[in-house]
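Coordinates in review
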Amino acid sequence: MTERAARNALVAILILFLGLGSAYALTTPTLEAPDEIYHYEYVRALVTTGRPPVLEQGEGRGFGHHAPLYYAYAAVVSLWVDDTDWPAWSERHNPFFGYQFGEVGRDNKNLYLHPESDAFRQSSTWLGIRVVRLASVVLGAVTVWVTFRVGREVYPERPEIGVGAAGLAAFIPEYLFISGAVNDDNGATLFGALAIWAMMRMVRRGATRRRAAGLGLALGMGWLSKLTVVALLPAAGLALAAVAWRERSWRKLLILALVTFGVAAVLIGPWLVRQTVLYGDPTGTSREMSEWGLREDPVTLANLGPDLYWLRTSFWGRLGYNQIPLSGWIYTFLDVATALAIVGLGRLLVSRLSASEGLLRSRSSGVFSTVRGLQLTILASSVLLTFGPMLVRRFLRPMPNFGRYLFPVLPAIALLMITGLSAWFPRRLHTYVAVAVTVAMLGLGIAALTCFLAPAYARPPIFESGDAVAPTHRLNRTYLEDGEPLARLLGYDLDHEAVEPGESLEATFYWEALARTDANYVLFAQLFGREGGKVGQRDTYPGLGHYPTSFWEPGQVIVDAVPIPVSADAAAPSRLRFDAGLYKRGNGRLPVVDTNMDPVADATIGWLKLSQAVDPPPPTVRKDYRLDPVARLVGYDLEHGSQTVGLALHWSCQAPTDRNYIVFVHLLDSKASLVAQADGPPINGDYPTSYWATGETIVDPHVLDVAHMDPGTYRIQVGLYLLEGGERLPVKTRTGERLPNDAIPLAEVALP
């Protein structure tokens, strides 16, 4: 790639980054980026008071202990924006936020409720947040440019490497997202990148006091942005040592170190004094721990897997408050790419050690090979050293580390990855590698925005008339607020009329708003199985948290699809009772009336089926009787004692029926007289025959009370009949012979 082509490619990357980063900034709802409420609160404190806030003991969470530089920048760019509606946001918290935190989708992904007024020209907070976000995107673009410059310092004769590093870094979804957020990581990332660039320049071009002062300036400004930059201090020492080693001058090392760390100390010193006076330590960590909470359990090896998963996924992209992941296959693809890059770097190292001329060696001069080797070593060390503070933090805080904590060394990560990936291809193909990586990451950045971030905050479909919808299960229930109609449930759909334990049932409710309300009522949806036990429940604001009742306008029809998880240990098969309605948190359910304005006593809106995931074990005793056209009796299990006889009948459904048959279980004495019986619908009424499916096997328990019986031998007869009229289903043997009285002579029982 030529210099001109590289410059053009960089310009294209920067333009695309600015456009895509701005799209992230505008798409993410207000305060829906990590801790954005605390970051923006800090900014507003600077605007209104002119000084950083203080994290007071006992006043709860806040970022008053954070370094001020990024916030000062944000305050300057948003100085002209007022904060008239800022206090209202504390009342807009979504209590159901975090449901299925790590799942892809839109189910309560919003931490806050976003009314129509959360929009341009209607909300000063909306405007202020977007102004700071867009200003942060500019910082992100500068970081991308610095990443390119780092690549040019390490590979001056190979501009395509710098282009590839810039393209990879620019379009990481998490980097785009954080760049478009109010977050002090943006300041730390920029100054961390500048510090790395200064190190690479010193190693490549030689160290001067001016360059050492520039490195110290970047380190100091980085510390004043966020404490995560502290890991670059030892990396800077390593860079200075590398320069001194090359020049064989330890005196120069001392001078350079004094200049570098002296400049940084001059910048950092006053802030450290302030922190020590306020919080008792120069970092403010002690106050952070007291207000945000300490880790209660010790870190163990069992935490390693989840921590690494969290770190790598949140580095590439866990959007929102980290509750909007990408699809699993995307992480797998990125893991493979990372592994290939690491192995590629290993191949380069082996080639350097085993041959006089390797892939890291410049074709023009052996000096460049030595310089580049030092540079790559420093880059790799800076990445590894960044894990030090993260490890300390993991022992102190209950939350795992976020991938964005690695962003101060993003140029190092991007350049090492491009170097490792390029190692798998001949030099003539490296331009194509850089372009392919850039295009792939651009596609990922666009997909993360359009397929994951934006849909996660989407409102449900809304229609202007009930005529526009046609629910499968029609209802007409009106819910009352203070005796007046508030909303009407027109009906619902189910994605399946039968569900298995451990699955999720999606119910789509069709609500018609009849009046405005200031209250946010909770939609409840419940499933009840055998013996009335609850086997599934969802509580959420309508629209999965995105369109609560306080947003509803009269005449609107809201189509609200709600997934309801079914307990994995729910007893199946069973008929499920489906209840749904509205209630206010801390109060009871809203009263319901029908079309005649008569009260509806219960919340049941329908029934469905809970299917068994696996076939039951075979019966102890096998039989083959046909009860045409509905069922076969394929066997039974029998247990008896002195008080009861337990019988489990194994039915096999032959054909579906819309009629509900009763099972009769009769105990006859030697004179064929009925002495005990256990009649009833299958499974104690929890699984009527109208729910049976062809080929399904149903284990149907019955208990006969024999406590009053005289000793002797008794016969058990079973069959099916209709409650209305007592008509029995005909019973035939395998050969087609119809049995007398349509009763199956099942077994004999000897009672002591």
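Reference entry: report on the structure contained in this document.

Cut-offs and rules
- Residues numbered from 1 in each chain as written.
- Predicted model: local features only at pLDDT ≥ 70, side-chain atom pairs only at ≥ 80, totals over all residues.
- Heavy atoms only, no water.
- Pairing = 2+ DSSP bridges.
- Helix = DSSP H or I, 4+ residues; strand = E, 2+ residues; numbered from the N terminus.
- Core = buried A, V, L, I, M, F, W, Y, C linked by side-chain atoms within 4.5 Å.
- Buried < 20%, exposed > 50% of the residue type's maximum accessible area, 1.4 Å probe, protein only.
- Contact = heavy atoms within 4.5 Å.
- Phe/Tyr/Trp six-rings, centres within 6.5 Å; stacked < 30°, edge-to-face > 60°.
- Axes fitted to C-alpha atoms, helices over the stretch in contact; angles between N-to-C directions.

**Looking at the sheet that holds strand 5 (residues 484-494)**
- Within the open sheet, the six strands sit side by side as 3-10-7-5-4-12. Their pairing is antiparallel. Edge positions in the sheet fall to strand 3 (462-463) and strand 12 (592-593), since each of these pairs with one other strand and no more.
- As judged from the two bridges shared by strand 3 and strand 10 (residues 557-565), these two strands associate in the antiparallel manner. Looking across to strand 10, one finds that phenylalanine 463 is bridged to valine 557.

**Describing the nonpolar core**
- Core analysis: the biggest nonpolar cluster contains 101 residues, and Phe17, Phe171, Met199, Leu215, Leu232, Leu379 and Met441 have the highest contact counts within it.
- Every residue in contact with leucine 215, bar those within four places of it in the chain, is listed here: Ala195, Ala198, Met199, Met202, Ala236, Leu240 and Thr260.
- Counting residues in hydrophobic clusters, the runner-up holds 43 residues, among them Leu494, Leu544, Trp552 and Ala570.

**Details of the pairing of strand 16 (residues 644-653)**
- Burial runs high along strand 16: eight of the 10 residues are buried.
- Turn length for the strand 15 (residues 631-640)-strand 16 hairpin, with the two strands adjacent in sequence and antiparallel, is three residues.
- Two elements, strand 16 and strand 19 (residues 697-705), share nine bridges in a ladder whose sense is antiparallel. Paired with serine 652 across the strands is threonine 697, a residue of strand 19.

**Topic: the packing of aromatic side chains**
- What the rule picks out here adds up to 26 aromatic pairs.
- Centroid distance phenylalanine 97 to tyrosine 321: 6.0 Å. Interplanar angle 75°. Geometry classified as edge-to-face. Separated by 224 residues along the polypeptide, phenylalanine 97 in the loop between helix 3 (69-77) and helix 4 (124-154) and tyrosine 321 in the loop between strand 1 (318-319) and strand 2 (324-325) bring together distant segments of the chain.
- Given a relative accessible area of 14%, tyrosine 321 falls into the buried group.

**What about the sheet that holds strand 20 (residues 712-722)?**
- Strand order in the open sheet made by the four strands is 18-17-20-22, with antiparallel pairing throughout. The open sheet terminates on both sides in strands that have one partner only, identified here as strand 18 (674-677) and strand 22 (744-751). Within the sheet, the average angular offset between the axes of one strand and its neighbour, ignoring direction, is 30°.
- Sheet topology places strand 17 (residues 661-668) next to strand 20; eight bridges connect them, and they run antiparallel. Bridge pairing in strand 20 links valine 663 to leucine 720.

No statement about biological role is implied by the geometric values presented.
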